[in-house]
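Residue-level listing of the chains:
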Amino acid sequence: MKALKIKGHCLAWLLFILLHTKLASPTLLKYIPKLGVLRGINIFQNPSENLTSSEPKSDLKTFYYDQTLDHFNYNPESYLTFPQRYVLNFKHWGGGGGAAAAPILAYLGEESSLDDDLRGIGWLSDNAHRFKALQVYIEHRFYGKSVPFVSSEDALKNATLRGYFNSAQALADYAEILLHIKEKLSAKTSPIIVVGGSYGGMLAAWFRLKYPHIALGAVASSAPVLYFDKITPSDAYYSRVTKDFREASESCYATIKRSWAAIDKAGAKRNGLAFLSKKFKTCKPLKSVSELKDYLENMYTVAAQYDRPPNYPVNQVCNGIDGASQGTDTLARIFSGIVASRGKKSCYNIGEFFSDETLNGWGWQTCSEIVMPIGIGKNKTMFPADPFNLKEYMDSCENSYGVVPRPHWITTYYGGLDIRVVLKSFGSNIIFSNGLRDPYSTAGVLEDISDSIIALVQKMKDDPDWLIMQRQIEVNIVHAWILKYYADLLQISEHNEIKFSL
């Protein structure tokens, strides 16, 4: 890793921010489902079947770029740099020279270490040979090995440093690195297609809108760009999760719905937590009933978010719940769902769904700008009612970080309100790809906005080939963008030749 570059006049400032920290308390925050595209897949059985990347590790080359700490101010400390990780795969790269310079496919990192994503991002590795493309994977600042100056934990405790942890800074990071790569590879005319899923999908779409001179187009999968500022109903996410489970099995849905009261009842008894810890084989004794309920809520929402071939996690859970022998009580049926989806284990770690780094980083992001007002309506879902209360949410964030969220900032900076009218007038070359069983699709773009802002929607669960077909349509659209780009370049080149020959 490259050494941190510190100019003399910035050293005192850096020492100040590293020595003056404010302890964050993410555990106090209201739960907002994570957006990450891959981490949930790894929880369910046979995860290797879901990891679509076929590229050997030896083809991946790791680099570090001296990234600017603050892209939007001109204070002396803004010019500090930190090493930001990116990975290149040259296996199918056709080179950057000539009128038809080979494309660059760039994956924009999300709320996770890049290590989590390299194992499973198949869009780039599956399609690079079609385009003779260079594959680029860029890690999001403050995750993995791209945390400025200190550890991830210490960075989030530092009130000043974590102020540089936001999506706008991340997009500017991606812009700098992509231009740096093009310069180093003499690939000035290589078109760039940015790709991302979930939060990364939002970043890909926003990057195309904010940096159209850098990215020719974007493929934004499962990107809930409309879950802000009351554009999408607050309870849409959990309603969709409930619908997924109810469509899989009415009895499974009913068992889950009545399980919450059964858990509360058992936990309220003498030695109730010890009983529940034994019943659910938790690796560590439960400290509260809410620990178990949060774990189960995570299991159900993650199953719905990743309910795709070949395993269909919702069916895995429900098969376990429904498959328990006749006379099995509610709690034992719920435990059978855990075993069916995750396999038989000596104990179950109730904190394994997401890393601390992702939980804490996402906690900060949702307490600053990514304010999704997700709640649970009364009697409308299989979950206990928990409506979103902005005042309580803001108080919780202020208690944790000393700042209040900016609930209108995303729509102010990136848009979203009246998106059809707005994007039709100036946007282009974005694919919004969604599977309707994904609860975050409720806040996605589900209809075409223009001829070049396309919505691809998977409606049928029972077709095992739907994902393959949807990917092929995406590839065809991207191919058309690139061909038009080459044609435009040729036309400009011929025009300039005529102009200078006169």
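Everything numeric in this text was worked out from a predicted model, so none of it was measured.

## Describing the overall build of the protein chain
Stage number 1. Of the regular secondary structure elements, the protein chain holds 17 helices and 8 strands.
Stage number 2. Expressed as a percentage of the 502 residues in the protein chain, the buried residues total 56%.
Stage number 3. Within the protein chain, residue pairs in contact and separated by at least 24 positions form 76% of the contacts whose partners lie at least 6 positions apart.
Stage number 4. Counting every atom, the protein chain has about 22100 Å² of accessible surface; 54% of that belongs to carbon and sulfur.

## Section: the packing of aromatic side chains
Stage number 1. Within this structure, the stated rule accounts for 22 aromatic pairs.
Stage number 2. Both rings, one in Trp260 and one in Tyr300, keep their centres 6.1 Å apart while their planes meet at 85°; by these two values the pair is edge-to-face. One end of the pair, Trp260, is in helix H8 (residues 250-268); the other, Tyr300, is in helix H10 (residues 289-305), with 40 residues separating them in the sequence.
Stage number 3. In this structure, Lys210 is placed above the aromatic ring of Tyr413, and the distance from its NZ or CZ to the ring centre is 3.9 Å.

## Thoughts on a nonpolar patch on the surface
Stage number 1. Taken together, the side chains of Val421, Val422 and Phe426 present a nonpolar region at the surface, about 300 Å² in accessible area.
Stage number 2. Relative to the helices and strands, Val422 resides in helix H16 (residues 419-426).

## Points about helix H9 (residues 272-279)
Given 3.6 residues per turn, any residue in an α-helix points the same way as the ones three and four places further on.
Stage number 1. Of the positions making up H9, those classed as buried are Gly272, Leu276 and Ser277. Each buried residue of H9 lies within a common arc of 135° when the element is viewed along its axis, so the set occupies one face. Facing away from the buried side of H9, by more than 90 degrees, are the exposed residues Ala274 and Lys278.
Stage number 2. Packed against the buried residues of H9 are H8, H10 and helix H12 (330-342).
Stage number 3. Where H9 terminates, the next one or two residues include Lys281, which has phi positive at roughly 50°.

## With respect to the nonpolar core
Stage number 1. Formed by 94 residues in total, the largest nonpolar core has its most connected members in Val194, Phe207, Phe245, Leu296 and Tyr300.
Stage number 2. Those residues in contact with Phe207 that sit more than four places away from it in its chain are Leu108, Leu171, Tyr174, Ala175, Leu178, Val194, Pro212, Ile214 and Ala215.
Stage number 3. By size, the runner-up hydrophobic cluster in this structure holds 25 residues, among which are Tyr107, Ile121, Leu456 and Ile482.

## Quick word on the pairing of strand S8 (residues 453-458)
Stage number 1. Among the 6 residues in S8, 5 count as buried, and that is most of the element.
Stage number 2. Pairing between strand S7 (residues 430-435) and S8: 6 bridges, direction parallel. Bridge pairing links Ile430 to Ile453 in S8.

## A look at the pairing of strand S2 (residues 81-89)
Stage number 1. The element S2 is extensively covered by neighbouring structure, given that 9 of its 9 residues are classed as buried.
Stage number 2. Along S2, one buried face is formed by Thr81, Pro83, Arg85, Val87 and Asn89 and the opposite face, lined by Phe82, Gln84, Tyr86 and Leu88, is buried too.
Stage number 3. Bridge count between strand S1 (residues 60-68) and S2: 9 bridges; the pairing is antiparallel. Paired with Asp66 across the two strands is Pro83, which belongs to S2.
Stage number 4. By the bridge criterion, 4 bridges tie S2 to strand S4 (residues 134-138) in an arrangement that is antiparallel. Bridging across to S4, Asn89 finds its partner in Gln135.

## Thoughts on the confidence of the model for the protein chain
The predicted coordinates ought not to be read in detail in places where the model reports low pLDDT.
Stage number 1. Per-residue confidence for the protein chain gives a mean pLDDT of 89; residues scoring 70 or more make up 87%.
Stage number 2. Segment residues 21-28: pLDDT under 50, and 22 contacts once partners within four positions in sequence are set aside and those in other chains are kept.
Stage number 3. Segment residues 37-41: pLDDT under 50, and 29 contacts once partners within four positions in sequence are set aside and those in other chains are kept.

## Quick look at the state of the cysteines
Stage number 1. Applying the stated criterion across every chain yields a total of 3 disulfides.
Stage number 2. A disulfide bridge connects Cys252 with Cys318, and the sulfur atoms are separated by 2.2 Å. Between Cys252 and Cys318, the disulfide has an S-S torsion of -75° and is therefore left-handed. Separated by 66 residues along the polypeptide, Cys252 in helix H8 and Cys318 in helix H11 (residues 313-323) bring together distant segments of the chain.
Stage number 3. Of the residues examined, Cys252 reaches a relative accessible area of 0% and is grouped as buried.
Stage number 4. One disulfide bridge connects Cys283 with Cys347, the sulfur atoms lying 2.1 Å from each other. With the S-S bond torsion at 90°, the cross-link from Cys283 to Cys347 turns out right-handed. Residue Cys283 is located in the loop between H9 and H10, and its partner Cys347 is located in the loop between H12 and helix H13 (356-368); the two are separated by 64 residues in the primary sequence.
Stage number 5. Assessed through its relative accessible area of 38%, Cys283 is described here as partly exposed.
Stage number 6. Residue class for Cys347 comes out partly exposed when judged on its relative accessible area of 27%.

## A look at the packing of helix H7 (residues 236-248) against H11
Stage number 1. Running from amino to carboxyl end, H7 crosses H11 at an angle of 55°, the nearest separation of the two axes being 9 Å. Relative to H11, the element H7 is oriented oblique. Read as a crossing pair, H7 and H11 show a hand that is right-handed. Here Asp244, Phe245 and Ala248 of H7 come into contact with H11, specifically with Val314, Asn315, Val317 and Cys318.
Stage number 2. Considered class by class, the residues forming the contact of H7 with H11 number 5 nonpolar, 1 polar and 1 charged.

## So, the sheet that holds strand S6 (residues 217-221)
Stage number 1. The sheet built from 8 strands is open, its strands ordered S1-S2-S4-S3-S5-S6-S7-S8 with mixed pairing. Of all the strands in the sheet, just S1 and S8 have a single pairing partner and so form its edges. On average, each strand axis in the sheet is inclined to that of its neighbour by 20°, with strand direction left out of account.
Stage number 2. Inspection of the sheet shows strand S5 (residues 192-197) paired to S6 by 5 bridges, in the parallel sense.

## Examining the packing of H10 against H12
Stage number 1. Close contact between H10 and H12 brings their axes to 12 Å; oriented N to C, the two are set at 50°. Looking at the two axes, H10 sits oblique to H12. In terms of crossing hand, the pair formed by H10 and H12 is left-handed. Residues Tyr295, Leu296, Met299 and Tyr300 of H10 lie in contact with H12, whose contacting residues are Ile334, Ile338, Ser341 and Arg342.
Stage number 2. The class makeup of the residues in the contact of H10 with H12 is 6 nonpolar, 1 polar and 1 charged.

What counts, and where the lines are drawn
Residues numbered from 1 in each chain as written. Predicted model: local features only at pLDDT ≥ 70, side-chain atom pairs only at ≥ 80, totals over all residues. Heavy atoms only, no water. Helix = DSSP H or I, 4+ residues; strand = E, 2+ residues; numbered from the N terminus. Buried < 20%, exposed > 50% of the residue type's maximum accessible area, 1.4 Å probe, protein only. Contact = heavy atoms within 4.5 Å. Areas by Shrake-Rupley, 256 points an atom, 1.4 Å probe, with all protein chains shown as cover. Phe/Tyr/Trp six-rings, centres within 6.5 Å; stacked < 30°, edge-to-face > 60°. Lys NZ or Arg CZ within 6 Å of the ring centre and 35° of its normal. Patch = residues over 30% accessible without salt bridge, like charges linked within 9 Å, V, L, I, M, F, W, Y side chains within 5 Å. Salt bridge = Lys/Arg side-chain N within 4 Å of Asp/Glu carboxyl O. Arc of directions from axis to C-beta. Core = buried A, V, L, I, M, F, W, Y, C linked by side-chain atoms within 4.5 Å. Pairing = 2+ DSSP bridges. pLDDT = per-residue confidence, 0-100. Disulfide = S-S within 2.5 Å. Axes fitted to C-alpha atoms, helices over the stretch in contact; angles between N-to-C directions. Parallel < 35°, antiparallel > 145°, perpendicular 65-115°, else oblique. Left-handed = near helix turned anticlockwise from the far one by under 90°. Nonpolar A, V, L, I, M, F, W, Y, C, P; charged D, E, K, R; others polar.

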